Amino acid sequence: MTLFLLGSALIFYRIPIAQYLVEYVAQQTRIPNFKIKVTNVSYDTFALEDLTAGDAAEFSLESLQLNFDLFDLWRGGVLKVNIDRLKLSLDVTGKRPLLGSLDILFSDGEGAEPTVLSVLPFRPELHLTNSEVNIKGEQGLIYLPLAAEIIGTSEDDVQGWLSFEGGKLGDREPEEFYLGAIFSSSDLQLDWDVNWRELGFEGEGAASLFLDGPGLSWNVFGGIKGSVPAVFLGDHAADVKMLEGEVKLDGVGEINIVDKSPKKWRTAIGPLLENLNRSTADLSLEIQTRALLHSGVSLESNLPLRIKQAGLDTHLGFNRDVRYEISGLQGDQSLPSELGDLLGNGVSGQFFKDQSELSLQLSAGRPYSLKLNGKAKGQEGIDLSYQGDVSGEVGLGENLLNGLQGNFELTASEITMSGVKADKAQLQLNTIHNGSNGWVGKWQGEVKGARVEQKNNGTINVLKVSSGLLDGAYQLDSNSLMVEARKGNALLSSLSLPGQMEISSAVSLLVQKFNTTLLLPSPTVEAASLKKIDTKITVKDLSAQLGKANKRISLAAIELELNGNDKAGWRMKSTIGEALIPDVKIRMENFSSIITTPFTPQGTPDDFGEMPFEVTVSGHLKSEDHDLALPAGKFSANGKGTLQELKLQAEFSLLKGATLLSIGGQLDPEDLNGTFDVVIPKILFLEGGVQPATFSPLLSDVKVQNGTFSGHAEVILAKGVPDGHGYINVDINDAVISDLPVKDLAGRFFFQGITEPALPPGQSLKIGNLDAGVPITDIELLFGAFLEKGEPVIELRTAGVNITGGLISLKPDKFFVLEEDQSIEVLVDKLDVKELFALIGREDLSGTGMLSGQVPIRIVGDQVIIKGGHLATGGPGILQIRSQVIADALASGGEQVELLVKALQNFSYTELTLDIEKPINGAAQVKLGISGANKDVLDGHPFRLNINLETRVEPLLEVFLQGQKISQGLVSGFIKKR
């Protein structure tokens, strides 16, 4: 009874139960928005209507009806499947998945097993009528009618057909559209005939694949062209504005099976694979492409492939040269600007048919060989040629390229890129894939006629390289790249850094070693970084001009080294065996500079100017000026900081040990701004110790028993131009200068300016005592010196010496040091008559009294001219003349003259004058004028006489000009002009 009731309920509620079971299955498989209506369930019919699935009803059908004989079905009977008005919507715009919300149903889940079609116990017959496929494309919604019929119980006896014919884009129909397939368990045939101008597609052709007597045969002929839907571009769809292509196919092939030929696909797979060595194929595949990116870059290419198969040997070549053209590069902001400089707005190129091919053998090891040869030309004139050959064996998985060996060569001419021009550049590369050890090989780079230009603050820096060659080895794996240069050289023809350096003669650079290792990007590191480097470059000799004044410098035995690693930091060392600066006559030897920085690539500051570093510099200096004969010395300096702020300490000392300069301060190396404190430490002169001759042989006439020398300066550097002020003090207690004893010398000198120094008025030099045969005391000079209209000028305020109570001085005036013609007025005040006669070498003349007056002196070159020199006593005195020369001159004058000679031996004068004249290139003339009497002669009768004295006035001139010579000599040495 229960079974009867249960059976009755199942029959009565069969449709609701079927409805529930179908919806339950749909829910378990997570079909989105699944809707269905079951309309009939009986012993020979199952029907449903209005099936939809997907958020946007991507799949729907109006009716599905299964007809069967329930008792015959499980004995291999027929199951008829009639589907009417099936509709499938696809999206090929690339904005959504191809199947929309239903795409998730066809995504492989983790661990999913491959689906295998089981052998069915019945024979289905599928009839698809009034159906369509809707495709959403860039042009709009495309409607394609679909019809199909499939019959078979398994893969062994399945057969049928499928076709798309006609269609619409909106309300517009194609000129011709047919796509069909006929298949069975042993053959497959495809046919297409498309002419749909609205979509941009056209083409026709056919392909067949079938099992026959010898084995497998196939053929294909035809082509298709049109736009490629964005859905097939993947992640690049957003970058591509348009992609059009055309494919042409023409080929035949077969696989001969030795044994009995299989008739079904299921049983044919094994024999076909076993008989691949008996296969043949000849296929021409021509692919033409035209693409346009949103950035404005366009690409056109033609790839005429020819594929031949003979047994296990596959050969891929070209029917003709491959050609390609790329344009619009300069409009793509995402590309490096250097690429636009190098190629211009585009590039065109080709691969040569006769020198490009790929050969592959499917035998054990699967060996292959590849050759490529071609050329390219940029729109801006660059010419490229490239060639390479590769061989190896095709592996599996990670060993896909195991054993690969290759040689590549890239040659470029007429190169222009970011200020770099070159007549020719070439790179050769030999490489081997060494399994898990990555890539190893050799390389060589060569450049000829290179020119590098860089704009800098309104000027153009230019480097010219005639030739350069470098070769070495490398090793590359997934983590790092190691590059080693075994030898190399470069011939530098010229270098121009306006206002800084000019090199016009050829310079040869030799690369002694170059080793570096780069860490490559990884999932945890975005950019490559430098792990270690060790390099050394040498230059035999180099001549250059420095600065705006083009000061010449010659360098020899130059070595440049750079080494370090990302753990211990980096070190750059430069050494110069010898440097000569002819214009300033300075030779530098054993120069060395070392720059170290602790930064690592990962820790490099965003602003390069904030990178910390330390620098140490040292060397020897020697003067080549034999006139100055300055002493040889050594210098050292060290700094610590950044390119924005560097603290410096420097020292210059004699090779014998005395420190001459100590410098401390800070510098902005980028802008060349800074402040420095320069100290000349107190240098002690002692007999048997440091002497002025230590600093220059020219000072060998100066011997100091006790004295000191010191100074100080404050220097400001603004944009590389120095300025500042300072002073120098000289104190000598006891010395011998040119065999003249000197005591209590004190010099106080201060200056303003560095490049054009000036000595303001107030420069002071005092000498307490000078023994020049005549006691000279209280020598004092007060002067200033500066440049006026580019010429050194002395402004003399005080220049005087005391001689036995008398004062000889120069009248304050301004003197141009370099003028050949100068005028000086010597003032004499209360000079003792007796001392004056001693100065001019007339020991036969003596007397009392004080002379005063002036002597105007004109100096023209080495000649001294005196005109109108006049000295006179200020009152009466005694004159004593015991000169035999004067007596002999007056001897013939009679008795009266004899009385005069007697009177002059003790003559009481009321007036005494000396008039001095010296013509150019002539002897000096001194006229003695006296008025007075001798009380013991002629009862004191008065006389007035004028006597020409033959004498040397040079000693007197030496005394007169002491102040002028001292001041002018000091200034000439300071300003370095004579």
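That block above? That's the structure.
These lines cover the structure that appears in this document, whether it is placed above or below. (Residues numbered from 1 in each chain as written. Predicted model: local features only at pLDDT ≥ 70, side-chain atom pairs only at ≥ 80, totals over all residues. Heavy atoms only, no water.)

Here the focus is the packing of aromatic side chains. This structure, assessed with the given rule, holds four aromatic pairs. Here the aromatic rings of Tyr20 and Tyr24 are separated by 6.2 Å at their centres, their planes lie at 25°, and the arrangement is stacked. Of the two residues, Tyr20 and Tyr24 are both situated in helix α2 (residues 14–28); the distance of four residues between them amounts to about one turn of the helix. Given a relative accessible area of 54%, Tyr20 falls into the exposed group. Considering the side-chain rings of Phe591 and Phe635, the 6.4 Å spacing of their centres and the 35° angle between planes classify their relative orientation as tilted. (Phe/Tyr/Trp six-rings, centres within 6.5 Å; stacked < 30°, edge-to-face > 60°. Helix = DSSP H or I, 4+ residues; strand = E, 2+ residues; numbered from the N terminus. Buried < 20%, exposed > 50% of the residue type's maximum accessible area, 1.4 Å probe, protein only.)

With that out of the way, let us pick up the nonpolar core. Counting residues in hydrophobic clusters, the biggest one holds 103 residues, and the most contacted among them are Leu542, Leu879, Leu904, Leu914, Leu928 and Ile930. Beyond its immediate sequence surroundings of up to four residues, Ile930 is in contact with Leu879, Leu904, Phe907, Glu911, Leu912, Phe943, Arg944 and Leu945. (Core = buried A, V, L, I, M, F, W, Y, C linked by side-chain atoms within 4.5 Å. Contact = heavy atoms within 4.5 Å.)

If you walk through the whole model with that rule in mind, you get 21 salt bridges. Its salt-bridge partner being Glu202, residue Lys225 comes within 3.7 Å of it at the nearest N-O pair. You can see Lys225 sitting in strand β12 (residues 215–227) and its partner Glu202 sitting in strand β11 (residues 201–211), a full 23 residues away along the chain. Residue classification places Lys225 among the partly exposed positions, given a relative accessible area of 33%. (Salt bridge = Lys/Arg side-chain N within 4 Å of Asp/Glu carboxyl O.)

The next thing to look at is the pairing of strand β49 (residues 863–873). Note: strand β48 (residues 850–860) against β49, eight bridges, orientation antiparallel. Each residue of the ladder has a partner; that of Gly853, found in β49, is Leu871. Once β48 ends, the chain turns through two residues before running back antiparallel as β49, passing Gly861 with a positive phi of about 65°. In this sheet, strand β51 (residues 907–918) lies alongside β49 in antiparallel orientation, the contact comprising five bridges. The residue bridging Ala872 from the neighbouring strand is Thr913, located in β51. (Pairing = 2+ DSSP bridges.)

Tracing the sequence through the fold places Glu414 in strand β22 (residues 405–417). Expressed as a C-alpha distance, the spacing of Glu414 and Gly381, which sit 33 residues apart in the sequence, is 6.3 Å. For Glu414, the contacting residues outside a window of four places in its chain are Gly381, Ile382, Ala422 and Asp423.

By themselves, these are just geometric observations and shouldn't be taken as functional.
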